[in-house]
Amino acid sequence: MIRIAQLVMITALIFITSVIQAQKAPKNVQVLKDLSIKEIRTYMKAVSSGIGEKCNYCHDMKAYDKDDKKPKLVAREYLKLVNEINTQVAMINKNVMKKSKLEMVTCYTCHAGSLEIVTEE
Ligand code: HEC
Ligand code: HEC
């Protein structure tokens, strides 16, 4: 009897662990593919403060993987833009900037904490 109880416990434990892991893995990422869910959350905090909007501007807070808000789709294109720029930045740092390295570009670089971009005509 003890053996069976142990087996049930172990099976339950394996099941719970797999459920937790499934919740932790990102479900719908096209750009931030190399990041864990924890790293995505940290990145997203920088996105939010960079453009001055809360998470719910782009997300249904009950399902972050959904693509049902237009700003999220726009933001995904900007994530690609930032990655492409930073690939260039890394190249410039490697090939040209020997001492004073360029800083990586973020949403804040252009947005400075607001969606409204200030430009001078
Ligand atoms: C300006 C829009 C925007 C804001 C604001 C934003 N996000 Fe995101 N978020 C995105 C985009 C776009 C993706 C998908 C990235 C990709 O495709 O690689 C994403 C993906 C995620 C994911 C992964 C979901 C999955 O399983 O696929 C999580 C978790 C997440 N965001 C959490 C947050 C949190 C927490 C905040 C607030 C601190 C936040 N986001 C603010 C645009 C945003
Ligand atoms: C190279 C500069 C630059 C960077 C970097 C940048 N943006 Fe933008 N973004 C712009 C410009 C310019 C606009 C258009 C503003 C306008 O027309 O009023 C814009 C517009 C947007 C809009 C649409 C706003 C609206 O009113 O519909 C969103 C959402 C956005 N950016 C999110 C982001 C996010 C998220 C990041 C970082 C991943 C980012 N941007 C990085 C320049 C940039």
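Coordinates for the structure precede this section.
Only a predicted model underlies this, so the values are computations on that prediction, with no experimental measurement involved.

The rules behind each value
- Residues numbered from 1 in each chain as written.
- Chains lettered and ligands numbered in written order.
- Predicted model: local features only at pLDDT ≥ 70, side-chain atom pairs only at ≥ 80, totals over all residues.
- Helix = DSSP H or I, 4+ residues; strand = E, 2+ residues; numbered from the N terminus.
- Buried ≥ 20, exposed ≤ 12 C-beta atoms within 10 Å, placed from the backbone.
- Contact = placed C-beta atoms within 7 Å.
- Near = placed C-beta within 6 Å.
- Nonpolar A, V, L, I, M, F, W, Y, C, P; charged D, E, K, R; others polar.

### With respect to the overall build of the chain
Within the chain, the regular secondary structure consists of four helices and zero strands. Counting helices and strands in the order they occur from the N terminus, the chain gives α-α-α-α. When the 121 residues of the chain are sorted by exposure, 5% land in the buried category. Nonlocal contacts in the chain, meaning residues at least 24 apart in sequence, comprise 46% of its contacts between residues at least 6 apart.

### What about the site of ligand 2?
As a matter of local geometry, ligand 2 sits amid 16 residues, with V74, A75, Y78, C107 and C110 nearest to it. Only α2 (37-51), α3 (70-95) and α4 (107-111) provide two or more residues apiece to the shell around ligand 2. In terms of residues, the shell around ligand 2 owes the most to one element, α3, which gives six residues. Classifying every residue of the shell around ligand 2 gives 13 nonpolar, three polar and no charged.

### A word on the site of ligand 1
Around ligand 1, a shell composed of 27 residues is seen, among which V31, M44, C55, C58 and A75 lie nearest. Of all the secondary structure elements, the ones that give two or more residues to the shell around ligand 1 are α2 and α3. It is α2 that contributes the most residues to the shell around ligand 1, eight residues altogether. Residue composition of the shell around ligand 1, grouped by class: 16 nonpolar, four polar and seven charged.

### What about the environment of N86?
Mapped onto the elements of the fold, N86 is located in helix α3. With 15 C-beta atoms packed within 10 Å, N86 lands in the partly exposed category. Separated by 17 residues in the primary sequence, N86 and E103 have C-alpha atoms spaced 8.9 Å apart. Every residue in contact with N86, bar those within four places of it in the chain, is listed here: M104 and V105.

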